[in-house]
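A structural walkthrough
Okay, here's what each chain looks like letter by letter:
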Amino acid sequence: MKIDLNSDMGEGFGPYRLCDDEALMDVVSSANIACGFHAGDPEMMLRMVRLAKARGVGIGAHPGFPDRLGFGRRDMPVSAEELRAQVLYQLGALSAIAASEGLTVDHISFHAAMGNRVNHDPALCDLVLTAVKTVAPEIIVFCMSGSEIERSALRCGLKTLTLFLADRAYDAEGALVPRSIANSVIKEEMAVRARVKQFLETATVTTIDGQTIAMPARSILVHSDTPGSLELAKIVRSEIEATGAALAPARDVIA
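Residues numbered from 1 in each chain as written. Predicted model: local features only at pLDDT ≥ 70, side-chain atom pairs only at ≥ 80, totals over all residues. Heavy atoms only, no water.

For the rest of this paragraph, the subject is the pattern of salt bridges. Counting across every chain of the model gives 16 salt bridges. In this structure, the salt-bridge partner of R55 is D26, at a minimum N-O distance of 2.6 Å. Of this pair, R55 sits in helix α2 (residues 42-55) while D26 sits in the loop between α1 (21-25) and β2 (30-34); the two residues are 29 residues apart in sequence, bridging distant segments of the chain. On the basis of relative accessibility, which here comes to 33%, the residue R55 falls in the partly exposed class. Exposure remark for D26: the relative accessible area of 48% places this residue in the partly exposed category. (Salt bridge = Lys/Arg side-chain N within 4 Å of Asp/Glu carboxyl O. Helix = DSSP H or I, 4+ residues; strand = E, 2+ residues; numbered from the N terminus. Buried < 20%, exposed > 50% of the residue type's maximum accessible area, 1.4 Å probe, protein only.)

Packing of α2 against helix α3 (residues 80-100) brings their axes to within 10 Å, and their N-to-C directions diverge by 50 degrees. One way to sum up the angle between α2 and α3 is to call them oblique. Read as a crossing pair, α2 and α3 show a hand that is right-handed. Judged by residue contacts, P42, M45, L46 and V49 of α2 engage A93, L94, I97, A98 and S100 from α3. Looking at the contact of α2 with α3 residue by residue, the class counts come to eight nonpolar, one polar and no charged. (Axes fitted to C-alpha atoms, helices over the stretch in contact; angles between N-to-C directions. Parallel < 35°, antiparallel > 145°, perpendicular 65-115°, else oblique. Left-handed = near helix turned anticlockwise from the far one by under 90°. Contact = heavy atoms within 4.5 Å. Nonpolar A, V, L, I, M, F, W, Y, C, P; charged D, E, K, R; others polar.)

Everything listed is a geometric property; what it means functionally is a separate question.
Spelled out as structure tokens, the structure:
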């Protein structure tokens, strides 16, 4: 079985860096590159694309709200048309940079508050993903299993790849526990290793209240802003390899 390991990349600005992107790029198989709104800038985007190209890592757009101070985690009162335009603007910017290096953007993964807004509004979701398909008909939509984004992508005729978040707690409904809740972000090595092993062997996850629920996914996400993200990504990769699964970018997982 092929499994993708992805992480958010290039989430800095100018000389400021959130994580060791170069080292993390050596571990993952797909990179979700910030497109200049919640984080990132043109030069950083180009650097991320070149790093991915050198390592055979899949390139994805990671659009968010234009809220640097809030790191894109705060909702913004934008209209549906504004949000649609913001997504297209960011996807277009990364696509142009990727094309300049002879590459294409393989996938799209919505960031934080933008993803939450889209996921909770079926009409908005259809509007945005229909627009995405118009400019990138072969793009893969990263999403949670059973989410509105997944349903909308299928309605729009887009390919999807469902995610398991190794460093975030789930509730009994399969939704992520808000970051404001204690223990919503999982940082301990043994806990992450156990969660990944359980997911790979049984396609399940243990929720924050101790229940076991199904987790149908083919890609594992490690957030680069989680403390110790590089080590967490290495742990995830080692567990994938220990099961005999093949690490592969999104385009190869669904091929």
